[in-house]
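As a plain string of letters, each chain reads:
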Number of protein chains: 2
Amino acid sequence: MTVHQTARLGTGDDLRTAIRSGAFTGHTAGLAPGRLQCNIAILPAKFALDFLRFCLRNPKPCPIVGVGETGDPTLPTLGPDIDIRHDLPRYRLYRDGHLAEEVTDIAAHWRDDMVTVALGCSFTFERALMAAGIPMRHVEQNRTVPMYRTDLALERGGVFGGTMVVSMRPLRGPDVPRAVEISARYPLAHGAPVHVGDPAAIGIGALERPEWGDAVDVAPGETPVFWACGVTSQNALLSAAIPLVITHAPGHMLISDIDENSDQPIWKA
Amino acid sequence: MTVHQTARLGTGDDLRTAIRSGAFTGHTAGLAPGRLQCNIAILPAKFALDFLRFCLRNPKPCPIVGVGETGDPTLPTLGPDIDIRHDLPRYRLYRDGHLAEEVTDIAAHWRDDMVTVALGCSFTFERALMAAGIPMRHVEQNRTVPMYRTDLALERGGVFGGTMVVSMRPLRGPDVPRAVEISARYPLAHGAPVHVGDPAAIGIGALERPEWGDAVDVAPGETPVFWACGVTSQNALLSAAIPLVITHAPGHMLISDIDENSDQPIWKA
């Protein structure tokens, strides 16, 4: 995609058509502004009840915004014509906890026992923070937000558990309380931060070595602010080493038809 | 129970001990103030995934605040020592969609395939409204809040669906917007009202003939205000006519250890 083409794909409908056809396979950061974007996990029904339990017990990292019927690739509560087999720009298939394949369509992998779970995503609160004049360093530096393993224990749900993954954004002192207040308005997109300040206090060794994404500069006088991250759920799915799970590739989210300011993620005509 | 005994049972711990032993079998309205009370549904695991889908798609009437493991009667995310077999004052057993029995303990009915689902309850926002000086007519009149079937269609989840049940509280004009704002702060307890004013607009025939609870007086100049009601989920469970479901008896809720002002219903020591 050229920059020109990306800019033209401003609305969710255009973008979904381009993604469905395979014409757009890039990441979705900054696209279709105002539409709720979603982390996606697709797993066999026999693990779905446990995964929903796990997410319901860990609502900060794993805010459920949609669940499909078993074997049904549509998600009518998130939009009238979503087909999850085609509507992500890029997918990852994990078998027994290991990355097996990265693809741009999963029609060939869909099965009658598959259940789709959609979780909220940090793009929502980032857009709100930037709209309030709070800069996002990773956006300024054109990098992927840095993400870290922590020692914050999760509530177990059946076979799923582990520790929380967080994303970090360095903020100036006066922006910290504003960022907390604003992000708290989006409980379906990780809500308020889980930690402010000392990385070691939550088991993070070195900010310059994130486990996922890219390191960003922390300027003198800035404070690292940590939000619960959707990678937590992927991590829990991989650790459980279930036979097959399909997720979005990092940054390649589902663009739903839900207004990201909605208090409920239920699509109405 | 005498009034004296009820008043003494102000804390959740005392009350749970009394309920567990069978000494207290009354309704829980107004008891253990500040603790989140919960609607309870206990159903076979084979229907649990569908029921969670149904609740997740209808978060106003069915706000999930807890889910147990299959066959496990504890609910550690709602409190450290809850045992759902004993800890409701009164239960109802429904078989194939029909009321079979009302009991004060379900140890004899518990099975290895049972899953407990806890939903938020209107007591939470009612307490907040009364604390703000907004009177609740059914409390003044010592009645059960009136509840009505509506024609508001629910999102289906597997075998579960139907229409929404609402509760009604008549309010004076200036109290309506305040009640909306205050109850909106409790999304885990039905949140803001779903309708204000004309009952016929949501398919309610006559306010003086509620389907559940008791009619209350609506004074001249008052407006009926309708909130999504937890009976919606019971209704959906009965309509699906599954072989066995156990619920709390109306008004006889689980008293959790969660502060009702918590943004997340996850118990921490």
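Rules behind the numbers
Residues numbered from 1 in each chain as written. Chains lettered and ligands numbered in written order. Predicted model: local features only at pLDDT ≥ 70, side-chain atom pairs only at ≥ 80, totals over all residues. Helix = DSSP H or I, 4+ residues; strand = E, 2+ residues; numbered from the N terminus. Buried ≥ 20, exposed ≤ 12 C-beta atoms within 10 Å, placed from the backbone. Contact = placed C-beta atoms within 7 Å. Pairing = 2+ DSSP bridges. Least-squares fit on C-alpha atoms with pLDDT ≥ 70 in both. Nonpolar A, V, L, I, M, F, W, Y, C, P; charged D, E, K, R; others polar. Expected span 1.5 Å × (residues − 1).

Draft legend 1. Expanded view of the overall build of chain A. Summing up its helical and strand segments, chain A has seven helices and 11 strands in all. Each principal axis of the C-alpha atoms in chain A carries an extent, and together these give about 55 × 45 × 30 Å. By residue count, 48% of the 269 residues in chain A fall in the buried class.

Draft legend 2. Inspection of unusual backbone geometry at higher detail. If you check the backbone angles, histidine 190 of chain A has positive phi at about 80° while not being a glycine. Of note, histidine 190 of chain A is situated in the loop between helix 6 (175-184) and strand 8 (195-196).

Draft legend 3. Structural detail: the environment of aspartate 217 of chain A. All names here are of chain A. Structurally, the position occupied by aspartate 217 is in the loop between strand 8 and strand 9 (222-228). For aspartate 217, a count of 13 C-beta atoms within 10 Å gives the class partly exposed. Note: C-alpha distance between aspartate 217 and threonine 150 (67 residues apart in sequence) is 20 Å. Apart from the residues within four sequence positions on either side, aspartate 217 is in contact with Arg137 and Gln141.

Draft legend 4. Focus on the sheet that holds strand 7 (residues 163-172) of chain B. Residue and element names in this part refer to chain B. With antiparallel pairing, four strands are arranged side by side in an open sheet as 6-7-9-8. Since the sheet does not close on itself, it has two edges, and those belong to strand 6 (147-153) and strand 8 (195-196), each with one partner. In terms of strand pairing, strand 8 meets strand 9 (residues 222-228) through two bridges, oriented antiparallel. Each bridged residue has a counterpart across the sheet, and for valine 196 the counterpart in strand 9 is valine 225.

Draft legend 5. Seen up close, the relation of the copies chain B and chain A. In the superposition of chain B on chain A (RMSD 0.0 Å, axial shift 0.0 Å), the rotation amounts to 180°. Interpreted geometrically, this transformation is the action of a two-fold axis. Across chain B, the rotation axis passes nearest the C-alpha of leucine 49 of chain B, at a separation of 2.7 Å. By residue overlap, the copies meet face to face through one surface: 100% of the interface positions of chain B are interface positions in chain A.

Draft legend 6. The arrangement of the interface of chain B and chain A in detail. If you look at the interface, chain B gives 19 residues, while chain A gives 19 residues. Of all the elements in the fold, those that place two or more residues in the side of chain B that touches chain A are helix 3 (45-57) and strand 2 (64-67) of chain B. Counting residues per element, the side of chain B that touches chain A draws most heavily on helix 3 of chain B, at seven residues. Considered class by class, the residues forming the side of chain B that touches chain A number 10 nonpolar, three polar and six charged.

Draft legend 7. How the structure looks around helix 3 (residues 45-57) of chain A. Along its 13 residues, helix 3 of chain A runs 19 Å from first to last C-alpha, staying within 8% of the 18 Å computed at 1.5 Å per residue. Buried residues dominate helix 3 of chain A, accounting for 11 of its 13 residues. When we look at burial in helix 3 of chain A, the residues that qualify are Phe47, Ala48, Leu49, Asp50, Phe51, Leu52, Arg53, Phe54, Cys55, Leu56 and Arg57 of chain A. Looking at the buried residues of helix 3 of chain A, the elements they touch are strand 1 (35-44), strand 2 (64-67), strand 5 (114-120) and helix 7 (231-239) of chain A together with helix 3 and strand 2 of chain B.

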